[in-house]
Amino acid sequence: QVHLVQSGAEVKKPGASVKVSCKASGYTFTSYYMHWVRQAPGQGLEWMGIINPSGDRTSYTQKFQGRVTMTRDTSTSTVYMELSSLRSEDTAVYYCARSRWGYSLGGDYWGQGTLVTVSS
Amino acid sequence: DVVMTQSPLSLPVTLGQPASISCRSSQSLLHSDGYTYLNWFQQRPGQSPRRLIYKVSNRDSGVPDRFSGSGSGTDFTLKISRVEAEDVGVYYCMQGTHWPPAFGGGTKVEIK
């Protein structure tokens, strides 16, 4: 069955960077897009961006443009999301979610989430 | 950017009774390809989101048939025909027609 297993919780200082991983199994990794969505404590879902199946194309929302980088490693079936210049407002649970046809249908399977805490 | 507005914010429901959640978009979600990319997600307490419905009314595999989606253009509804205890959580609509994709603010379903 499909599994998306994310890396563990992180605590970072303001200005630092964080890199969250999402390891996929149970399906053909190179046939699916991966989304990243975040959720601040007690808040709703915020869509961040997407990486295509081959990893040569990414699209980020304007809010995160310049601060986020999404990559994928087909040899390990892992997708990465790196967020730089962290500030306290970036404290959130970050989710990866896969999709077959781009962003239109949202993610049909989601990772368990990774809590990133930004605090001095 | 398209703004998604859900109502109500909170929905107390008696077990076995129906529930209805509204989602409105600031622009029509009818895509030039003829499809309407309005999706619904459920997030149970302490869990990751789970997609329930895609393209307005298509239930995902394993989703009970008490969940149904309807609507068109800018006005959409998620209905639960008879609420069960496991339905407690927050429900989000999400549009995927226009860039960037966007979620509604969420509707919290709780048992009275």
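Now for a description of the structure that goes with this document. (Residues numbered from 1 in each chain as written. Chains lettered and ligands numbered in written order. Predicted model: local features only at pLDDT ≥ 70, side-chain atom pairs only at ≥ 80, totals over all residues. Heavy atoms only, no water.)

Notes on the overall build of chain B
Each helix and strand counted, chain B has 0 helices and 11 strands in total. Moving toward the C terminus, one meets the helices and strands of chain B in the order β-β-β-β-β-β-β-β-β-β-β. The globule rule puts the C-alpha radius of gyration for 112 residues at 13 Å, and the 13 Å found for chain B is close to it. Total accessible area on chain B stands at roughly 5200 Å², and carbon and sulfur atoms take up 48% of it. (Helix = DSSP H or I, 4+ residues; strand = E, 2+ residues; numbered from the N terminus. Rg over C-alpha atoms; globule rule 2.2 N^0.38 Å. Areas by Shrake-Rupley, 256 points an atom, 1.4 Å probe, with all protein chains shown as cover.)

Description of the packing of aromatic side chains
Throughout the structure, instances matching the rule amount to 9 aromatic pairs over all chains. Among the aromatic residues, those joined into a cluster by ring pairs are Y95(A), W110(A), F41(B) and F103(B). Stacked on the ring of F29(A), the Lys or Arg R72(A) has its end atom at 4.2 Å from the ring centre. (Phe/Tyr/Trp six-rings, centres within 6.5 Å; stacked < 30°, edge-to-face > 60°. Lys NZ or Arg CZ within 6 Å of the ring centre and 35° of its normal.)

Here we look at the nonpolar core
Of all hydrophobic cores here, the largest spans 26 residues; its most connected members are W36(A) and M81(A). Elements with a minimum of two residues in this core: β3 (18-25), β4 (33-39), β5 (45-51), β7 (68-73), β8 (78-83), β9 (92-99) and β11 (114-118) of chain A. With 4 residues, the single largest contributor to this core is β3(A). In this structure, V13(B), L38(B), I53(B) and L78(B) belong to the second largest nonpolar core, which totals 23 residues. (Core = buried A, V, L, I, M, F, W, Y, C linked by side-chain atoms within 4.5 Å. Buried < 20%, exposed > 50% of the residue type's maximum accessible area, 1.4 Å probe, protein only.)

Brief notes about the sheet that holds strand β3 (residues 19-25) of chain B
Residue and element names in this part refer to chain B. One open sheet holds the 4 strands; their spatial order is β1-β3-β8-β7, and the pairing between them is antiparallel. One side of each edge strand has no neighbouring strand; the edge strands of this open sheet are β1 (4-7) and β7 (67-72). Strand-to-strand twist in this sheet, taken as the mean axis angle between neighbours without regard to direction, amounts to 20 degrees. Pairing between β1 and β3: 4 bridges, direction antiparallel. The residue of β3 that forms the bridge with M4 is S25. (Pairing = 2+ DSSP bridges. Axes fitted to C-alpha atoms, helices over the stretch in contact; angles between N-to-C directions.)

Some details on unusual backbone geometry
Residue and element names in this part refer to chain B. The omega torsion of the bond from S7 to P8 falls at -5 degrees, within 30 degrees of zero and hence cis. Structurally, P8 can be placed in the loop between β1 and β2 (10-13). Look at the link from W99 to P100: it is a cis peptide, with omega at -5 degrees.

Concerning the interface of chain A and chain B
Each partner contributes residues to the interface: chain A has 21 residues there, and chain B has 19 residues. A combined buried area of about 1600 Å² lies between chain A and chain B, and 66% of that area is made up of carbon and sulfur atoms. The largest contributions to the chain A side of the interface with chain B come from L45(A), Y103(A) and L105(A), which together make up 39% of the buried area. Between the two partners, chain A and chain B, sit 0 salt bridges. Applying the counting criterion to the chain A and chain B interface returns 7 residue pairs in polar contact (both at pLDDT 80 or more). Of all the secondary structure elements, the ones that give two or more residues to the side of chain A that touches chain B are β4, β5 and β6 (58-60) of chain A. The biggest single contributor to the side of chain A that touches chain B is β5(A), with 3 residues. Across the side of chain A that touches chain B, the residue classes break down as 8 nonpolar, 11 polar and 2 charged. (Contact = heavy atoms within 4.5 Å. Buried area = accessible area lost by both parts, 1.4 Å probe. Salt bridge = Lys/Arg side-chain N within 4 Å of Asp/Glu carboxyl O. Polar contact = N/O pair within 3.5 Å; in protein donor to acceptor, adjacent residues only side chain to side chain. Nonpolar A, V, L, I, M, F, W, Y, C, P; charged D, E, K, R; others polar.)

Details of the environment of F67(B)
All names here are of chain B. Relative to the helices and strands, F67 resides in strand β7. Taking the C-alpha atoms as reference, F67 lies 16 Å from E110; in sequence the two are 43 residues apart. Among all residues touching F67, those that are not within four sequence positions of it are Q42, L52, I53, R59, K79, I80, D87 and Y91.

Observations regarding the pairing of strand β4 (residues 38-43) of chain B
Residue and element names in this part refer to chain B. Most of β4 is tucked away: 6 of the 6 residues are buried. Of the pairings in the sheet, the one linking β4 to strand β9 (residues 89-95) comprises 6 bridges and is antiparallel in character. The partner of Q43 across the bridge, within β9, is V90. The pairing of β4 with strand β5 (residues 50-54) spans 3 bridges and is antiparallel. The residue bridging W40 from the neighbouring strand is I53, located in β5.

Focus on the environment of S88(A)
Residue and element names in this part refer to chain A. Considering the arrangement of structural elements, one finds S88 in the loop between β8 and β9. A C-alpha to C-alpha distance of 10.0 Å links S88 and V116, two positions 28 residues apart in sequence. At 2.9 Å, the side chain of S88 and the side chain of E89 are in polar contact.

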